[in-house]
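Close look at the chain arrangement
Below, each chain spelled out in residue letters.
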Amino acid sequence: MEYMIKTVAVIGAGTMGAGIAQVAAQSGYQVVLFDLKQGKAEQAKATIAARLEKRVAKGKMSLNEKDALLNAMFCSEALHDVAGADLVIEAIVEDLAIKQSLFRDLESICREDCLLSTNTSSISVTSIASALAKPERFVGLHFFNPAPLMKLVEVVRGIATSPSVTETAKTWAESCGKHAVITRSIPGFIVNRVARPFYAEGLRALETGVAQVQDIDHIIKKSGQFNMGPFELMDLIGHDVNYAVTKSVYDAYYQDKRFLPSLTQKELVEAGYLGRKSGRGFYRYDEAAEQPSINFSDACALPESLTVSIQGDWNVAPSFVELTQLPNSHPHGEPRLNINDIVVLPTQGMTASQLSEELNQAVVVVDYCHHYGDSEVIAIAPALQNTPQQTNTAIAYFQSKGKQVLVLDDYPGLIVWRTWMMLINEALDLVNQNGASMADVDVAMKSGVNYPIGPIEQGGRLGWQHVLNTLTNLQSFYCEERYRPSPLLRRLVIQAKGAVV
Ligand code: NAI
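Keep in mind that what you see is a predicted model, and the values were worked out from it rather than measured. (Residues numbered from 1 in each chain as written. Predicted model: local features only at pLDDT ≥ 70, side-chain atom pairs only at ≥ 80, totals over all residues. Heavy atoms only, no water.)

Here we take up the overall build of the protein. Counting its regular elements, the protein contains 20 helices and 14 strands. In terms of overall dimensions, the protein is globule-like: its C-alpha atoms have a radius of gyration of 26 Å, near the 23 Å expected for 501 residues. With respect to the principal axes defined by its C-alpha atoms, the protein has extents near 85 × 65 × 40 Å. Within the structure as shown, the protein displays about 21700 Å² of accessible surface, and the carbon and sulfur contribution to it stands at 51%. Distance between charge centroids for the protein: 4 Å, based on 44 positive and 54 negative side chains. (Helix = DSSP H or I, 4+ residues; strand = E, 2+ residues; numbered from the N terminus. Rg over C-alpha atoms; globule rule 2.2 N^0.38 Å. Areas by Shrake-Rupley, 256 points an atom, 1.4 Å probe, with all protein chains shown as cover. Lys, Arg positive; Asp, Glu negative; His and termini not counted. Charge placed at Lys NZ, Arg CZ, Asp CG, Glu CD.)

Turning to the UniProt feature "domain: 3-hydroxyacyl-CoA dehydrogenase NAD binding" (unreviewed entry) in the protein, a few remarks are in order. Under the local residue numbering, the UniProt record ascribes the feature "domain: 3-hydroxyacyl-CoA dehydrogenase NAD binding" (unreviewed entry) to residues 7-183. Taken end to end, residues 7-183 is 40% helix and 22% strand, and its two terminal C-alpha atoms sit 25 Å from one another. (UniProt positions renumbered as here; feature names shortened; annotations may be inferred.)

Here the structure, examined in full by the defined rule, presents 18 aromatic pairs. Seen in terms of ring centroids, Y29 and W172 are 5.7 Å apart; in terms of plane orientation they differ by 55°. Their pairing is tilted. Separated by 143 residues along the polypeptide, Y29 in the loop between α1 (15-26) and β2 (30-34) and W172 in helix α6 (residues 163-175) bring together distant segments of the chain. Residue class for W172 comes out buried when judged on its relative accessible area of 3%. Aromatic ring contacts, followed pair by pair, group F198, Y199, F226, W420 and Y451 into a single cluster. Over the aromatic face of Y478 sits the side chain of R204, whose NZ or CZ is 5.2 Å from the ring centroid. (Phe/Tyr/Trp six-rings, centres within 6.5 Å; stacked < 30°, edge-to-face > 60°. Buried < 20%, exposed > 50% of the residue type's maximum accessible area, 1.4 Å probe, protein only. Lys NZ or Arg CZ within 6 Å of the ring centre and 35° of its normal.)

Our next topic: the site of the ligand. The ligand sits among 23 residues. The nearest are M16, D35, E94, K99 and S121. Contact distances for the ligand include 2.7 Å between an oxygen atom and a side-chain N or O atom of D35. When the ligand is considered free in solution it has 840 Å² of accessible area, and contact with the protein chains removes 75% of it. Put simply, the ligand lies in the largest pocket. Of all the secondary-structure elements, those providing two or more residues to the shell around the ligand are α1, α4 (96-109) and β6 (138-143). (Near = heavy atom within 4 Å. Polar contact = N/O pair within 3.5 Å; in protein donor to acceptor, adjacent residues only side chain to side chain. 1 Å grid on protein atoms, 1.4 Å probe; cavity = no way out; pocket = protein on both sides within 12 Å on 5 of 7 lines; lining within 4 Å. Sits in = over half its atoms within 2 Å of the grid points.)

Turning to the layout of surface pockets, a few remarks are in order. Space inside the largest pocket adds up to approximately 1400 Å³. Along the wall of the largest pocket there are 50 residues; nearest its centre are M16, S121, H142, N145 and V241. When contributions to the lining of the largest pocket are tallied by element, the ones reaching two or more residues are α1, α4, β6, α7 (191-194), α8 (196-207), α10 (230-237), α11 (239-252) and α17 (438-449). Two domains each donate at least three residues to the lining of the largest pocket, and these are domain 1 (7-185) and domain 3 (417-499). (Points joined across faces, edges and corners; volume = space filled by probe spheres on them. Domains from an automatic or database assignment.)

Our focus in this paragraph is the side chain of K403. By secondary structure assignment, the location of K403 is in the loop between α15 (388-400) and β14 (404-407). For K403, which is buried and forms no salt bridge, the nearest opposite charge comes from D374, at a distance of 7.1 Å. Of the polar contacts made by the side chain of K403, one reaches the backbone oxygen of G373; its length is 3.0 Å. Among the polar contacts listed, one links the side chain of K403 to the backbone oxygen of S375, at a separation of 2.5 Å. Excluding residues within four positions of it along the chain, K403 makes contact with L323, Y372, G373, D374, S375, E376, I378 and F398. (Salt bridge = Lys/Arg side-chain N within 4 Å of Asp/Glu carboxyl O. Contact = heavy atoms within 4.5 Å.)

According to the domain assignment, the protein consists of domain 1 (7-185), domain 2 (323-407) and domain 3 (417-499). The straight-line distance from the C-alpha centre of domain 2 to that of domain 3 is 25 Å. The interface of domain 2 with domain 3 comprises 9 residues on the first partner and 11 residues on the second. Summed over both sides, the interface of domain 2 with domain 3 buries roughly 890 Å², with 55% coming from carbon and sulfur. Counting the surface domain 2 buries against domain 3, the share from its top three residues, Q348, Y368 and H370, is 61%. Here domain 2 and domain 3 share 0 salt bridges between them. (Buried area = accessible area lost by both parts, 1.4 Å probe.)

Glancing now at empty space enclosed by the protein. Where empty space is left in the structure can be found by rolling a water-sized probe over the atoms. Applying the stated rule across the entire model yields 3 cavities of 30 Å³ or more. By volume, the largest cavity amounts to about 50 Å³.

It is worth spelling out the sheet that holds strand β7 (residues 152-157) at this point. Sheets are built from strands paired through backbone hydrogen bonds, the pairs being either parallel or antiparallel. With mixed pairing, 8 strands are arranged side by side in an open sheet as β3-β2-β1-β4-β5-β6-β7-β8. If you trace the sheet from one side to the other, it starts and ends with β3 (73-76) and β8 (179-184), each paired once. Along the sheet, successive strands turn relative to each other by an average axial angle of 25°, direction set aside. The pairing of strand β1 (residues 7-11) with strand β4 (residues 87-90) spans 4 bridges and is classified as parallel. (Pairing = 2+ DSSP bridges. Axes fitted to C-alpha atoms, helices over the stretch in contact; angles between N-to-C directions.)

Running from N to C, α8 and α10 point in directions that differ by 115°, and their axes come no closer than 9 Å. Crossing geometry of α8 relative to α10 is assigned as left-handed. Packed against α8, whose contacting residues are F198, Y199, G202, L203 and L206, the element α10 presents P230, F231, L233, M234 and I237 at the interface. (Left-handed = near helix turned anticlockwise from the far one by under 90°.)

Right, let's get into the UniProt feature "domain: 3-hydroxyacyl-CoA dehydrogenase C-terminal" (unreviewed entry) in the protein. UniProt's entry tags residues 188-285 and 413-493 with the feature "domain: 3-hydroxyacyl-CoA dehydrogenase C-terminal" (unreviewed entry), counted in the numbering of this structure. The span residues 188-285 is 58% helical and 0% strand by assignment, and the distance between its end C-alpha atoms comes to 29 Å. Its end C-alpha atoms 19 Å apart, residues 413-493 is made of 73% helix and 0% strand.

This is how it looks when you write it as structure tokens:
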């Protein structure tokens, strides 16, 4: 079947429907915006008009363009008005039975060559389609909020969706200027699944007293180069929404422990501390509230006599060697920086205390920085066996390099590194389950949640072996399924070693 899209019907004129209608009209499509509730579609159109007027005032859009766009948008309160549509996008309440009933009605109203789609973020596309006589023309078109600004659309194929429908939906989303990625109808699709560890690892670090909320956010932004820290982001999304997504992914994977929701977040929901929208979440948002300061280490003094040397293969973090400005005369074997009697090691998922016992030496581990020279902060964790003087010497050394130092509790994998390892592993697991291509996973995480780099590209840069080592160490430390390496990661490690000759 050939699908030609000129007219788009959007069902549901709430937050998402209004945004999607604007996107479609902006991209030159005729739009029918329908809502069950009287006056709702007109109200949404007025909101869109107000948004566009702001763009006109800023010189980002001409008056003619604005008028043409609004003229292309027809508001309706009678479902039969969508009969002429070539593509229907449903954005109504998140309820399977209600969505199925709507699509049954639509199937009898719309032409046979009309493509039917849903913007659901958590319901199986396959289940919605099961109510249809022709489920092959049904597909997910998952926009992100706010739809006019967010570049990503996940095109979700159900078990019955025909390949030409998936392709047409992708091409249509691209014609709206979006990055369209294809995924299967699996819980969380791409973004809501791969992003789970970003929140979960932040929450676990907090719950186990590794650092405070503001410290974790700070290190994730400054060293990890993420736009927002996990707690700021959860406060923005709303804990009710974020907790519900976590629970739905957890339940949909038959309570797979890797997606276990956090009791801390549950308690925030119970308290009504929903984040920005309720004025309080991990942070307070009332005018009088003071934002907590970061717990940087106080200034420490370097000892009078100081011997520093660097050695080993620092491929995992070449910018660390640049930071030290030291010659690396033995660039093979385990990477280490020696400061007097202390050894500084990049984290690989073992605690500093474990390493200290193994090496019989004072140990400090450093968290990962996207670029050690550029980051104003460095996070470290000292072994329990160190004397305070030994730890202070390591702190003073990094302070002498112009860094603010955050001392974390001795925690395997630390914060930025461990978050990346878990994101990479989750991304690989999704690919392993044929959920999406590697390229699409990276596009989705960069344009759906603004990650600085796609997790799979990051895994390749850091080295699959390092990722595997870290996860293996974490799994053995916690004896938990949560850290089990993806089978695809093991394959990549073997492939990276190359052919046996
Ligand atoms: P919303 O509550 O803002 O809007 C839903 C609209 O649908 C309301 O105006 C309501 O009157 C209308 N409606 C309800 N039942 C209807 C029916 N049977 N026929 C016609 N109109 C009906 O909801 P929101 O946030 O826009 O979400 C809509 C859908 O988009 C949901 O499936 C949600 O999971 C999904 N989604 C939401 C995102 C978000 O951040 N809010 C992001 C991505 C997807």
